[in-house]
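What follows is the residue order along each chain.
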Amino acid sequence: MQKTKTSHEVAKHALILFVLVFAFLPLYVMLVISLKDNTQFIRSPMLPTLPFHWENWVKGWELCGRYIANSILVATLSVIGTLVTALLSAYVFARYHFPGRTILWYLLLALLFMPGVMNIVPLFLIMKNLNMLNSLWGLSVLYAVGGQVFCCFVLRNFIEEIPVDLFEAAMVDGASPFQQIVNIVIPMSGSILATLAILRFLGAWNNFIQPMIFISDEYKQLIPVGLMRLDGEYVKQWGEMMAGYSIAAIPLVLIFLFTMRLFVKGLTAGAVKG
Amino acid sequence: MSKAKTFLSKYLGAAILVVAMIYAVVTVIYNDLTYDAPDVTTLRICHWQLEAGFREALQALIDDYEKVVRERTGEKVRILQVPISERAYRQYVNTGLIGDMAPDIIEKGFAKTATDPSYVARFFLPLGEHVVKPNPYNEGTSLEGVAWKETFFDGMQGAYDEQLLDYYYIPFSMFTVRIYYNKDLYREITKRDAPPVSYADFMDVCARIKAYGEEAGEPIVPLASSKAQGGYFTWKYQVPFWRELANRCDMDFDGNSTYFETYFGMRRGLWSFKSPALLATADCLMEIASNFPDGWLAAQRDDALFAFAQRRAVMIASGSWDAQSIIDQTKESFELGVFGFPMPTDHPEYSKYVKGPGSEAGSRGGIPWTINKKTPRADLCIDFLQYCTTAAGNEKFNTRITWLPVVRGVPIVDEKLKAFKPILHGYTGHFDYNISTAVSLLDQGNRWTIYAGQMTAEENANQLQEMYDRTARSGYLKKLDLQRRNNRNMERVVAAKIALRECVPELADEMDRKLVQLSQASQDVHHKYYVYKHLFEQLENAE
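Just so you know, these numbers come straight off a predicted model, no measurement behind them.

Outline the overall build of chain B, listing residues and values.
Each helix and strand counted, chain B has 19 helices and 12 strands in total. The principal-axis extents of the C-alpha atoms in chain B amount to approximately 90 × 80 × 55 Å. Here chain B, with 543 residues, has 51% of them falling under the buried criterion. A fraction of 74% describes how many contacts in chain B between residues 6 or more apart in sequence connect residues 24 or more apart. Across chain B, the 62 positively charged side chains and the 70 negatively charged ones have centroids separated by 4 Å.

Quick one: what's the story with the domain arrangement of chain B, residue by residue and with numbers?
Residue and element names in this part refer to chain B. Here chain B is partitioned into domain 1 (16-175 + 364-418), domain 2 (177-359) and domain 3 (473-542). Here the C-alpha centroids of domain 2 and domain 3 sit 40 Å apart. Facing 9 residues of domain 2, the contacting portion of domain 3 comprises 11 residues. With both sides pooled, the region where domain 2 packs onto domain 3 buries about 950 Å², and carbon together with sulfur makes up 76% of that total. The three residues of domain 2 that bury the most area against domain 3 are F260, Y263 and F264, which together make up 61% of that side's buried surface. Our count for the domain 2 to domain 3 interface comes out at 1 salt bridge. Linking E540 and R267 is a salt bridge whose minimum nitrogen-to-oxygen distance equals 3.4 Å. Across the contact surface, domain 2 and domain 3 share 1 residue pair in polar contact (both at pLDDT 80 or more).

Explain the side chain of D250(B) to me, using residue names and the numbers behind them.
All names here are of chain B. Note that D250 resides in the loop between α9 (227-249) and α10 (259-267). Here F253 takes part through its backbone nitrogen, which lies 3.1 Å from a polar atom of the side chain of D250. Here the side chain of D250 touches G255 through a polar contact of 2.8 Å, landing on its backbone nitrogen. Setting aside its immediate chain neighbours within four residues, D250 contacts G255, N256, S257 and E261.

Which residues make up the sheet that holds strand β1 (residues 40-47) of chain B, and what values go with them?
All names here are of chain B. Pairing is mixed in the open sheet, where 4 strands are placed in the order β2-β1-β3-β11. Strand pairing shows two members of the sheet lacking a second neighbour, β2 (76-83) and β11 (369-371), which therefore form its edges. Pairwise comparison of adjacent strand axes, ignoring direction, gives a mean angle of 25° for this sheet. Of the pairings in the sheet, the one linking β1 to β2 comprises 8 bridges and is parallel in character.

Could you give an account of the side chain of T375(B), naming the residues involved and the relevant values?
All names here are of chain B. With respect to the helices, strands and loops of the structure, T375 is situated in the loop between β11 and α14 (378-388). Residue classification places T375 among the buried positions, given a relative accessible area of 9%. In contact with T375, not counting residues within four places along its chain, are D104 and C381.

Talk me through the pattern of salt bridges; I want residue IDs and the actual numbers.
Two side chains that carry opposite charge are able to pair once their charged atoms sit near each other. Residue and element names in this part refer to chain B. Applying the stated rule across the entire model yields 30 salt bridges over all chains. Between E360 and K236 there is a salt bridge, with the nearest N and O atoms lying 2.7 Å from each other. Here E360, found in the loop between β10 (336-339) and β11, pairs with K236, found in helix α9; they are 124 residues apart in sequence, far enough to count as distant. Overall, the relative accessible area of 7% leaves E360 in the buried class. According to the relative accessible area criterion, K236 is buried, its value standing at 13%. One continuous salt-bridge network, built from bridges that share partners, spans K183, D184, R187, D193 and E335.

So, how was this worked out
Residues numbered from 1 in each chain as written. Chains lettered and ligands numbered in written order. Predicted model: local features only at pLDDT ≥ 70, side-chain atom pairs only at ≥ 80, totals over all residues. Heavy atoms only, no water. Helix = DSSP H or I, 4+ residues; strand = E, 2+ residues; numbered from the N terminus. Buried < 20%, exposed > 50% of the residue type's maximum accessible area, 1.4 Å probe, protein only. Contact = heavy atoms within 4.5 Å. Lys, Arg positive; Asp, Glu negative; His and termini not counted. Charge placed at Lys NZ, Arg CZ, Asp CG, Glu CD. Domains from an automatic or database assignment. Buried area = accessible area lost by both parts, 1.4 Å probe. Salt bridge = Lys/Arg side-chain N within 4 Å of Asp/Glu carboxyl O. Polar contact = N/O pair within 3.5 Å; in protein donor to acceptor, adjacent residues only side chain to side chain. Pairing = 2+ DSSP bridges. Axes fitted to C-alpha atoms, helices over the stretch in contact; angles between N-to-C directions.

Shown next as structure tokens:
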């Protein structure tokens, strides 16, 4: 019996290790290449070779630092914008009954089914008319607007699950709707708000097409387009490029490290009824 | 300890986020203050030249220019490079021009908005009035007083748009294509130093390299390749193979055979797709392509360069634009050599058609810079381009990147570049049979199938002949109609210029000059249209 249990454990661990190897292989290759010059890379792309070229990381930072700053600003502003507006509208949809609520809700949901690329031309024209082209603030607004529907959809269901008694008690104590949001909704939706924030941050961080089209100045460009430009070199400096990729991945790794607990909690929230 | 741990786990993430946000805000504000400062004039210049050394060479000119302007006028000018990869250049330029946010100076190419004459006229500044005046930066040099366009080796012929009748770009460099080779590996395999000079020799070397690779069990092939390399070989071999056909069909004695002329040539029985010269070209290119590595059709240009640098191929065809990149990549690994494309003048069959290499005397300046019509500082853009295209500026730029200069009097001092000097002897003559889109598409598609050895030259000829017979007549009429519409457009332009001359007296001189140019060009276009229309009708009636 004990033997069978051990063999099951070994098999389980072997499977997990197998999956982990595949998951970490690209990361390993990226890090190893980031310390090579092209000659070392050509001779041995996969194994570490001496001497290590740490200067690639300096160059990588020079290449990507500016893009990263722009990306952090745009992603953070867009997350704040999305969550604030989505929370307010989700609260209204969850707590108030008004004429046309259902139709408005379904119209809002219909936007979920529209592929983003379809909107590029009208968006471009709107941004042009609003004089928001080539502006990081404009792009932040665009991202914030783009994420509202999904966040609103998730948050409405979550707020509806909060016991009505809590809101009624607050109202008896004279709490305004805004105070109800601050004192009841936000504390009780911490995990889902964190999850949505991470998802939105990831979406904004990785978005390629919109900065590509809406931003024209090099110093305002975001990280995905910046990395694509590195990749577009005719003769690539592989070490510098991989150092750049590694640096670009660091903010995401940090975010996951510090919010993993909330993220998993948010993902599983509502998975078990009752 | 546990308190500190709790504090860390609770607030470290937030602290990092706050620090990152502060860094981001400071960086963005700093960039805005640096580049958008009210007392700084910022010009943006975009290009797709991501070859090693290009940005540094351009930046060196930019740095010098910024200093010169500041010393001369006190104006703070900042020129920002916007390098965009080839893959995204089209979208970048198109959206930028349409959205009024394109850079001030744009490298012309790829995007329809930068190549189609109707868009070029809409978005870019015509430079005719500037290029006929001397470049002020040439004062005190041997080019002082010479019209700016005449300071270029080609008189800026390549920059002249025949449809728009004006000059639309300023070139920086010129390019030729050669074969680079790994001298060490070549010596080891062939036991000699000299590169192949004849086609037979070239094929023999390729065979020996293949045999060496097979014997040694190493994946060494003669020619590193991608579709780009396939294109270079096609370009270099078609002209000498087809020059006799071009001469045969040439009706206006300009040395070339346009699709109109080849159409009449076909109808008069002067050529067909089974003409021996065409079949021989396909056979020759198939022979060459048999020395490419497996999977070359799916490879990118940089994959081929990488294979060459990795010593997986002994030779690679590429342009002088790649010289610096290849030198940088290979300087620590092997000795690099360069030679011209060996022509099959010694081949029993091919020598019937090929008498020598194609001439490069008609080479035109490359790296074409155009000026965005919407730029608020066109004067500064022109001034910058003038600064860059003095003999000294052009030498500095091209020496740094190991490219060929375009300004007269700039010597080619770098030994490595001497192999890229244009071949001035040789043969010219383009033979264009792409009378219809269908023929053109089939030809482009079949080319790779033939090179890959999946189709014979005869099969290709049969397919093209069938397509040509089916679509050439309608294609001819469409092209004729296009010519008619060009006439009409030109007449509109003439009418507009006459009206402008009458309404704005201060533009009278400039309009007069334009009208003379237009009348000459429109005569030519009208003449061609009526001649080809008349010839076509005659041919139809006769049949």
